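Residues per chain, in single letters:
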Amino acid sequence: MKVIDEILESYPAKVMKNRKGHMLVKGEGCETGGCGKQKIDANSRTMPGVMTNRGCAYAGCKGVVLGPLKDMIHIVHGPIGCSYYAWGTRRNKGRINAGEQNFLNYAFSTDMQDSDVVFGGEKKLDQAIKEAVETFHPKAITISATCPVGLIGDDINAAAARAQKAYGIPVLAFSCEGYKGVSQSAGHHIANNKLMRDVIGKNPDANGEGFSINILGEYNIGGDGWEIGRILSKIGYKVMSIMTGDGTYEDLTGAHKAKLNIVQCHRSINYIAEMLEKKYGTPWLKVNFIGVEATMRTLRDMATYFGDAELTAKTEAVIKEEYESIQDDMADYKEMVNGKKACLFVGGSRSDHYQELLKDIGVSTILAGFEFAHRDDYEGRDIIPDIKIDADSRNIEELAVEKDEKNYKLYLTPEQYEELKTKIPLGNYEGLISLSENGTVIVDDLNHFETEKFINALKPDLFASGIKDKYMIQKMGVFSKQLHSYDYSGPYAGFKGAVNFARDIAMGITSPTWKLVTPPWKVVKPLTGTVAVGGDL
Ligand code: CFM
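Thresholds, definitions, all that
Residues numbered from 1 in each chain as written. Predicted model: local features only at pLDDT ≥ 70, side-chain atom pairs only at ≥ 80, totals over all residues. Heavy atoms only, no water. Helix = DSSP H or I, 4+ residues; strand = E, 2+ residues; numbered from the N terminus. Rg over C-alpha atoms; globule rule 2.2 N^0.38 Å. Buried < 20%, exposed > 50% of the residue type's maximum accessible area, 1.4 Å probe, protein only. Contact = heavy atoms within 4.5 Å. Areas by Shrake-Rupley, 256 points an atom, 1.4 Å probe, with all protein chains shown as cover. Lys, Arg positive; Asp, Glu negative; His and termini not counted. Charge placed at Lys NZ, Arg CZ, Asp CG, Glu CD. Pairing = 2+ DSSP bridges. Axes fitted to C-alpha atoms, helices over the stretch in contact; angles between N-to-C directions. Core = buried A, V, L, I, M, F, W, Y, C linked by side-chain atoms within 4.5 Å. Patch = residues over 30% accessible without salt bridge, like charges linked within 9 Å, V, L, I, M, F, W, Y side chains within 5 Å. Salt bridge = Lys/Arg side-chain N within 4 Å of Asp/Glu carboxyl O. Nonpolar A, V, L, I, M, F, W, Y, C, P; charged D, E, K, R; others polar.

Trainee: Whenever I open this one, the overall build of the chain confuses me. Can you help?
Mentor: Per the secondary structure count, the chain includes 24 helices and 14 strands. For 537 residues, the compact-globule formula gives about 24 Å, and the C-alpha radius of gyration of the chain, at 24 Å, lands near that figure. Taking the principal axes of the C-alpha coordinates as reference, the chain spans close to 70 × 65 × 45 Å. Split into buried and exposed, the 537 residues of the chain put 55% on the buried side. In the chain, the proportion of contacts linking residues at least 24 apart, taken out of those at least 6 apart, comes to 76%. Entry remark: accessible area of the chain is about 24,100 Å², with carbon and sulfur atoms responsible for 53%. Across the chain, the 64 positively charged side chains and the 71 negatively charged ones have centroids separated by 2 Å.

Put into structure tokens, the structure is as follows:
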């Protein structure tokens with residue numbers, strides 16, 4: 001594709017060589033046959049100097065996976081900026097019943113200062129835990145490390161052990177210093193490991209009877225989890241735990257009793273899904289609640305898994321009722337935006353999920369990319385054995401789990417499992433490339449320079465991305481929708497969520513604003529480099 005060549009040619013040789021492997025056009029070269037499976041470079045370090053949109057390991061651990069657990073106190077050991085950044089402004093959606101605990105609106109930090117960096121901050125951490133326990137009496141505490149903690153060598157594991165002994169509650173330390181990996185993805189892995197080792201399975205009395213499930217990789221952004229929960233309980237599912245949006249420590253301890261794990265975001269939580277299957281025999285199913293068609297397919301896949309006639313009938317009845325209630329609104333919005341083109345660049349899942357919802361309203365995706373996904377999120381899980389393990393990934397522990405003889409239970413016979421695998425995505429994720437239409441540009445770790453180039457060449461009507469590039473895109477006269485925070489709208493999941501999304505997109509695309517925008521570089525003359533002297537300014 002011409003624009004890709006142009007982008008690569010404008011880079012210095014080293015950067016060009018690196019970036020070349022991170023972009024492709026779906027199906028390019030396949031018209032003549034024999035292009036084989038397309039391959040992409042991913043989960044590798046961003047070249048220094050490139051304006052990446054990625055975050056850090058701490059963001060993935062504390063910000064994404066741990067942060068939404070509402071009945072735990074999450075203490076950040078580090079400077080206040082890190083705490084403020086990961087304070088759950090988009091994830092503080094937690095509902096509780098009387099008597100339950102919810103700490104989501106607080107930010108707990110040791111507020112590390114220069115002197116702590118020089119003389120050590122462990123004492124300050126001990127004190128912070130003490131204050132948190134005495135003031136709030138939480139059931140459990142997490143401690144997350146930020147970059148300086150690892151650099152100066154404060155031992156947060158020792159502090160956690162001391163506190164656990166002193167206060168008699170679980171205190172979990174996460175060594176998720178920002179630099180631990182090439183992106184937030186490393187932090188997901190670190191959080192997954194410890195939740196699996198120290199939380200999940202700790203309640204032997206949890207009741208997994210009925211159509212019991214765990215929802216994995218759903219973080220309740222904009223209330224998505226609530227809309228998904230509403231639909232699932234209407235059908236008759238028993239949600240044992242949500243990992244982790246509006247989730248609790250308490251529920252996680254009994255999650256091993258569920259009969260099925262459904263996985264919404266594969267990237268952030270596939271480790272737990274895999275480990276639960278190994279340890280307890282619970283299969284996982286890849287689902288997508290983003291999109292009307294996608295939600296219907298997901299609900300049918302779940303019913304197929306349980307193979308119960310009554311559940312299947314109830315699934316069809318709920319689908320019918322929900323679909324009828326949104327059909328007209330969806331049709332109206334579709335009429336407004338049918339035929340428009342979108343670019344999607346989000347973290348590690350949504351550029352795949354949202355293609356389905358956009359398709360529901362007639363919008364096609366012409367570019368899709370992930371900030372930090374791994375090759376399996378692009379190419380499908382079957383390539384996992386081919387992924388090269390580099391020094392950065394070796395940095396993160398691969399937790400070895402073994403079969404828990406006492407609690408291991410197979411809901412399906414191995415034969416049933418194999419048969420179902422051919423019908424539904426059981427233990428499988430096909431990845432972004434195979435889910436995208438031919439001709440879609442697929443880019444890993446897209447940067448600002450490339451964003452500008454692609455917008456100029458592809459002329460999208462919508463560029464869905466995040467806060468770091470939203471305004472740059474809008475200054476170019478293109479509507480940008482944040483798919484991380486939903487621009488504080490939502491929910492967008494399920495049936496009712498689809499209408500919210502369709503409305504927001506129709507409103508954004510049809511706004512006359514974009515025709516009136518003059519990009520700043522068209523009015524402000526570039527600096528000449530002449531130095532002004534004296535009073536003549
Ligand atoms: Fe999964 Fe997420 Fe995402 Fe993600 Fe994220 Fe997120 Fe995201 Mo922002 S867990 S990979 S680390 S779906 S915070 S809720 S929106 S980049 S695409």
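Trainee: What exactly am I supposed to notice about the sheet that holds strand 8 (residues 260–263) here?
Mentor: Paired through their backbone hydrogen bonds, the strands of a sheet run either parallel or antiparallel. Pairing in this open sheet of four strands is parallel, and the strands run 7-6-8-9 from one edge to the other. Strands with a single pairing partner mark the edges of an open sheet, and in this sheet they are strand 7 (238–244) and strand 9 (284–286). Taken over all neighbouring pairs, the strand axes of this sheet differ in orientation by 25° on average, direction set aside. Direction of pairing for strand 6 (residues 212–218) relative to strand 8: parallel, over a ladder of four bridges. Looking across to strand 8, one finds that Ile213 is bridged to Leu260.

Trainee: Sorry if this is basic, but what is going on with the nonpolar core here?
Mentor: A general tendency of soluble globular proteins is for nonpolar side chains to be buried together. Counting residues in each nonpolar core, the largest one holds 97 residues, and the members touching the most others are Leu232 and Ile262. A total of eight residues in this core trace back to one element, the largest contributor, which is helix 22 (residues 494–510). Discounting chain neighbours no more than four positions away, the residues touching Leu232 are Ile213, Ile215, Tyr237, Val239, Ile262, Phe289, Leu299 and Met302. Residues Val3, Cys343, Ile366 and Val441 belong to the second largest nonpolar core, which totals 25 residues.

Trainee: Explain a negative patch on the surface here, please?
Mentor: There is a patch of like negative charges on the surface, built from Asp328, Asp329, Asp332 and Glu335. Structurally, Glu335 is set in helix 14 (residues 309–337). By relative accessible area, Glu335 is classed as exposed at 71%.

Trainee: What is the right way to read the sheet that holds strand 14 (residues 479–482) from this model?
Mentor: Overall, mixed pairing links the six strands, which are arranged 1-12-11-10-13-14 in an open sheet. In this open sheet, the two strands that pair with only one neighbour each are strand 1 (23–25) and strand 14. Averaged over all pairs of adjacent strands, the angle between strand axes in this sheet comes to 15°, irrespective of strand direction. Against the sheet, helix 20 (residues 448–458) contacts strand 1, strand 10 (341–346), strand 11 (364–370), strand 12 (441–444) and strand 13 (462–465), and its axis sits at roughly 170° relative to strand 12. The strands touched by helix 22 within the sheet are strand 13 and strand 14, with strand 14 carrying the most contacts at an inclination of about 155°.

Trainee: I tried to follow the packing of helix 10 (residues 224–235) against helix 22 on my own but got confused; where do I start?
Mentor: Any two packed helices are characterised by the angle at which their axes cross and by the distance between the axes. The geometry of helix 10 relative to helix 22 is characterised by a closest axis approach of 8 Å and an angle of 145° between their N-to-C directions. Here Glu227, Arg230 and Ile231 of helix 10 come into contact with helix 22, specifically with Gly494, Phe495, Lys496 and Gly497. Here the contact of helix 10 with helix 22 is composed, by residue class, of two nonpolar, two polar and three charged.

Trainee: Would you take a moment to explain the environment of Gly208 for this structure?
Mentor: Summarising the element assignment, Gly208 is placed in the loop between helix 9 (185–198) and strand 6. Spatially, the C-alpha atoms of Gly208 and Ile389 are 37 Å apart, while their sequence positions differ by 181 residues. Apart from residues lying up to four places away in sequence, Gly208 is in contact with Lys238, Met240, Lys257 and Lys259.

Trainee: Help me out: how do you make sense of the side chain of Asp301 in this one?
Mentor: Counting through the fold element by element, Asp301 comes out in helix 13 (residues 292–306). The buried charged residue Asp301 lacks any salt bridge partner; its closest oppositely charged side chain belongs to Arg297, at an N-O distance of 4.6 Å. Leaving out residues up to four positions away in the same chain, Asp301 has contacts with Leu285, Ile424 and Pro425.

Trainee: Mind showing me how you'd approach the pairing of strand 12 here?
Mentor: Every other side chain in a regular strand lies on the same face of the sheet, so the side chains alternate between the two faces. Judged by which residues are buried, strand 12 turns out to be covered on both faces: Val441 and Val443 on one side and Ile442 and Asp444 on the other are all buried. Relative to strand 12, strand 1 is paired through three bridges, and the arrangement is antiparallel. Paired with Val25 across the two strands is Val441, which belongs to strand 12. Of the strand pairs in this sheet, strand 11 and strand 12 are connected by four bridges, and their pairing is parallel. Across the sheet, residue Gly369 finds its bridge partner in strand 12, namely Val443.

Trainee: Even after reading the chapter, I still don't get the environment of Tyr408, so can you show me in this structure?
Mentor: Note on placement: Tyr408 falls in the loop between helix 17 (391–394) and helix 18 (414–421). Under the relative-accessibility criterion, Tyr408 is labelled partly exposed at 27%. Apart from the residues within four sequence positions on either side, Tyr408 is in contact with Glu277, Lys278, Lys279, Tyr280, Gly281 and Lys403.

Trainee: Is there a simple way to think about unusual backbone geometry in this case?
Mentor: Residues apart from glycine generally show negative phi values, whereas peptide bonds are mostly found in trans. Going from Met243 to Thr244, the amide bond is cis rather than trans, its omega being 0°. Residue Gly490 is joined to Pro491 through a cis peptide bond whose omega torsion reads -5°. A positive phi angle is found at Asp246, which is not glycine, with a value near 55°. Take Asp246: it is sitting in the loop between strand 7 and helix 11 (249–253). Residues other than glycine seldom take positive phi values, yet Tyr488 does so here, at roughly 65°. Within the secondary structure, Tyr488 is located in the loop between strand 14 and helix 22.

Trainee: Looking at this model, I keep getting lost on the environment of Pro138. Mind explaining?
Mentor: Tracing the backbone through its elements, the reader meets Pro138 in the loop between helix 6 (122–136) and strand 4 (140–145). Classification of Pro138 by relative accessible area gives buried; the value is 5%. The sequence separation of Pro138 and Asp71 amounts to 67 residues, and the corresponding C-alpha distance is 6.9 Å. Other than its neighbours up to four places away in sequence, Pro138 contacts Ile73, Gln101, Phe103, Ala132, Val133 and Ile169.

Trainee: I would appreciate a short explanation of the side chain of Asn270 in the present structure.
Mentor: Along the chain, Asn270 turns up in helix 12 (residues 266–280). Judged by its relative accessible area of 6%, Asn270 is buried. If we skip the residues at most four places from it in the chain, Asn270 touches Asn192 and Arg381.

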